[in-house]
Amino acid sequence: MFVKVNLASNYSVGTIVSFDPNQNAWSSSTGQDYFGVIVRDPINVDGVWLARVTFSGSCYALSAGNIPDEGGHFKVENGLVVATTDNNYNGVIAPNAYNSPSRIAGDLILVSIK
């Protein structure tokens, strides 16, 4: 499921965003419970950045750091996925595919939003 929303800026595909009432637009998430992931390149229409954002299910999100090959839970920090062992998490990181290189900061990684 995706929805086209207005963004506060031109963010990269995989950036996690949440609604910012001060800007009346979606901006890089700081870890709120309700968030979405940009799944298509944003476009500028008459000075407004628009992008498809998914709010549930599986998608690719940007990583803030190294991701364990076995996957696990994730939290959101500054619009990026951070692996966590905390029981208060935002979703699940898929395990790394067979014979794939380890996932590092800046990689798009498969996640499932809970």
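Above this text you will find the structure in question.
Because the structure is predicted, anything quoted here is derived from the model rather than measured. (Residues numbered from 1 in each chain as written. Predicted model: local features only at pLDDT ≥ 70, side-chain atom pairs only at ≥ 80, totals over all residues. Heavy atoms only, no water.)

Details of the overall build of the chain
Condition: Only DSSP runs of H or I reaching four residues or more are called helices, and only runs of E reaching two or more are called strands; each is numbered from the N terminus. Each radius of gyration is computed over the set of C-alpha atoms, and the globule rule expresses the reference value as 2.2 Å times the number of residues to the power 0.38. Think of it in three bands: residues with accessible area under 20% of the maximum for their type are buried, residues over 50% are exposed, and the middle band is partly exposed, with areas taken using a 1.4 Å probe on protein chains only. We call two residues in contact whenever any of their non-hydrogen atoms come within 4.5 Å of each other. Using a 1.4 Å probe, the Shrake-Rupley method yields the accessible areas, and only the shown protein chains count as cover for residues. The charged-residue count follows a simple rule in which Lys and Arg add positive charge and Asp and Glu add negative charge, with His and chain termini not counted at all. Taken as the charge centre is NZ of Lys, CZ of Arg, CG of Asp or CD of Glu, depending on the residue.
The helix and strand tally for the chain stands at 0 helices and 11 strands. Along the chain direction, N to C, the helices and strands of the chain fall in the order β-β-β-β-β-β-β-β-β-β-β. Its C-alpha radius of gyration of 14 Å places the chain within 12% of the 13 Å reference for a compact globule of 114 residues. Each of the 114 residues in the chain was classed as buried or not, and the buried ones make up 37%. Sequence separation of 24 or more characterises 49% of the internal contacts of the chain that already satisfy a separation of 6 or more. Of the roughly 6400 Å² of accessible surface on the chain, a fraction of 49% belongs to carbon and sulfur atoms. When the 6 positive and 9 negative side-chain charges of the chain are each reduced to one mean point, those points stand 8 Å apart.

Considering the pattern of salt bridges
Here is the rule we go by: A side-chain nitrogen of Lys or Arg and a carboxyl oxygen of Asp or Glu constitute a salt bridge if their distance falls within 4 Å.
Under the definition given, this model contains 1 salt bridge. Here Asp86 ties to Lys75 by a salt bridge, and the two come within 3.2 Å at their closest N and O atoms. One end of the pair, Asp86, is in the loop between β9 (80–84) and β10 (91–93); the other, Lys75, is in strand β8 (residues 72–77), with 11 residues separating them in the sequence. Under the relative-accessibility criterion, Asp86 is labelled partly exposed at 32%. When its relative accessible area of 25% is taken as the criterion, Lys75 is described as partly exposed.

Some words on the packing of aromatic side chains
Short version of the rule: Under the pairing criterion, centres of Phe, Tyr and Trp rings, with the six-membered ring standing for Trp, must be within 6.5 Å; the plane angle then separates stacked pairs below 30 degrees from edge-to-face pairs above 60, leaving the rest tilted.
For the structure shown, the criterion picks out 5 aromatic pairs. Ring centres of Trp26 and Phe55 lie 5.3 Å apart, and the angle between their planes is 65°; this geometry places the pair in the edge-to-face category. On the criterion of sequence distance, the pair formed by Trp26 in strand β3 (residues 25–28) and Phe55 in the loop between β6 (48–54) and β7 (57–62) is long-range, its members being 29 residues apart. One exposure class covers both Trp26 and Phe55, and it is buried.

Side note on the pairing of β6
Threshold: The pairing criterion for strands is at least two bridges between them, as found by DSSP.
Relative to β6, strand β1 (residues 2–7) runs antiparallel, the two being bridged by 6 bridges. Its bridge partner being in β6, Asn6 is matched across the sheet by Leu50. As defined by bridge partners, strand β4 (residues 36–38) adjoins β6 across 2 bridges and the pair is classed as antiparallel. For Ile38, the partnering residue across the bridge sits in β6 and is Val53. Note that strand β5 (residues 43–45) and β6 share 3 bridges and pair antiparallel. By the bridge assignment, Asn44 is partnered in β6 with Trp49.

Observations regarding a nonpolar patch on the surface
Rules: Like-charged residues within 9 Å of one another, or nonpolar side chains (Val, Leu, Ile, Met, Phe, Trp, Tyr) within 5 Å, are grouped into patches, provided each residue has over 30% relative accessible area and no salt bridge.
On the surface, a cluster of nonpolar side chains totalling about 280 Å² of accessible area is made up of Tyr60, Leu108 and Leu110. Within the secondary structure, Leu110 sits in strand β11 (residues 108–113). Residue Leu110 is classed as partly exposed on the basis of its relative accessible area, which comes to 32%.

Taken by themselves, the reported measurements are silent on function.
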